[in-house]
Amino acid sequence: MQPQEIPPQEWHSFFDSFSRQHEGWLATLEVLGPDVGAQEEAHDLPLEGVSVASEADKSESIAINMGKTPEDHISHTITKPEHVWLERTDDGADAALEIESADEVKTLLRFRSPMLPEFVDGVVAE
């Protein structure tokens, strides 16, 4: 897998498209950092979406929302993101999303079953 860096000027459109394509896909969310080590925040939860928030006078942030019910809902915010990478399988399926913040903390969103979106039948198990 060769990661592809997404330029910051494309983040809004990339995450809009990425979220539409992967809504409901089961994913695991991990945070890796020099001060926190490796921590799993969510395991095999459906992805709701990834979005960028920015205001003229504030730093950008990226929010990852997961879970289907209020009981299992996770919202993870990355402040001051600097890099976004998309990792694909050799077949071109999205396997993981990695976001690195200014404080060198990496957030990793991995799909349980990477596949090309055209092979997903659109049915999400209840």
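Analysis parameters
Residues numbered from 1 in each chain as written. Predicted model: local features only at pLDDT ≥ 70, side-chain atom pairs only at ≥ 80, totals over all residues. Heavy atoms only, no water. Helix = DSSP H or I, 4+ residues; strand = E, 2+ residues; numbered from the N terminus. Polar contact = N/O pair within 3.5 Å; in protein donor to acceptor, adjacent residues only side chain to side chain. Contact = heavy atoms within 4.5 Å. Buried < 20%, exposed > 50% of the residue type's maximum accessible area, 1.4 Å probe, protein only. Core = buried A, V, L, I, M, F, W, Y, C linked by side-chain atoms within 4.5 Å. Phe/Tyr/Trp six-rings, centres within 6.5 Å; stacked < 30°, edge-to-face > 60°.

Asks: How should I be thinking about the side chain of His22 in this particular structure?
Replies: By secondary structure assignment, the location of His22 is in helix 1 (residues 11-22). Within polar-contact distance, the side chain of His22 engages the backbone oxygen of Phe18 at 2.8 Å. Discounting chain neighbours no more than four positions away, the residues touching His22 are Leu47, Asp94 and Phe111.

Asks: Just to check I follow, could you spell out the environment of Asp44 for this structure?
Replies: Among the structural elements, Asp44 can be located in strand 3 (residues 37-55). Residue Asp44 is classed as partly exposed on the basis of its relative accessible area, which comes to 24%. For the pair Asp44 and Leu29, spaced 15 residues apart in sequence, the C-alpha to C-alpha distance is 8.5 Å. Look past the residues within four positions of Asp44 in its chain and what remains in contact with it is Leu26, Ala27, Thr28 and Arg112. Within polar-contact distance, the side chain of Asp44 engages the side chain of His43 at 3.4 Å.

Asks: Any chance you could explain the nonpolar core here in plain terms?
Replies: Within soluble globular proteins, side chains that are nonpolar tend to cluster in buried spots. By size, the foremost hydrophobic cluster in this structure holds 23 residues, and its most contacted members are Phe15, Leu97 and Leu109. Looking at this core, the elements that each hand over two or more residues are helix 1, strand 2 (26-33), strand 3, strand 4 (58-66), strand 6 (81-88), strand 7 (94-101) and strand 8 (106-111). Per element, the largest residue contribution to this core is 5 residues, and it comes from strand 3. Apart from residues no more than four positions distant in its own chain, Leu97 is found in contact with Phe14, Phe15, Phe18, Val50, Val84, Trp85, Leu86, Thr107, Leu108 and Leu109.

Asks: Mind showing me how you'd approach unusual backbone geometry here?
Replies: Across the chain, the bulk of peptide bonds are trans and the bulk of non-glycine residues have phi less than zero. Unlike most non-glycine residues, Asp44 shows phi in positive territory, near 50°. Of note, Glu104 is a non-glycine position whose phi angle comes to about 65°, a positive value. Structurally, Glu104 is set in the loop between strand 7 and strand 8.

Asks: So what exactly am I meant to see when it comes to the packing of aromatic side chains here?
Replies: Two descriptors summarise a pair of aromatic rings, namely the distance from one centre to the other and the angle between the planes of the rings. Summed over all chains, the structure comprises 4 aromatic pairs. For the pair Phe18 and Phe111, a centre-to-centre distance of 5.9 Å together with 35° between the ring planes defines the contact as tilted. Taken as a pair, Phe18 in helix 1 and Phe111 in strand 8 lie far apart in primary sequence, 93 residues in all. Phe111 shares its class with Phe18; the two are buried. Summarising the aromatic geometry, the rings of Trp25 and Phe111 are spaced 5.2 Å apart at their centres and angled 70° between planes, so their arrangement reads as edge-to-face. Residue Trp25 is found in the loop between helix 1 and strand 2, and its partner Phe111 is found in strand 8; the two are separated by 86 residues along the sequence. Residue classification places Trp25 among the buried positions, given a relative accessible area of 10%. Here Phe111 falls in the buried class, since its relative accessible area comes to 7%.

Asks: Looking at this model, I keep getting lost on the environment of Phe15. Mind explaining?
Replies: Inspection of the secondary structure assignment puts Phe15 in helix 1. Of the residues examined, Phe15 reaches a relative accessible area of 1% and is grouped as buried. Between the C-alpha atoms of Phe15 and Ile62, which are 47 residues apart in sequence, the distance is 9.4 Å. Residues contacting Phe15, with those up to four places away along its chain left out, are Val50, Val52, Ile62, Val84, Leu97 and Ile99.

Geometric descriptors of this kind do not, in isolation, establish any biological role.
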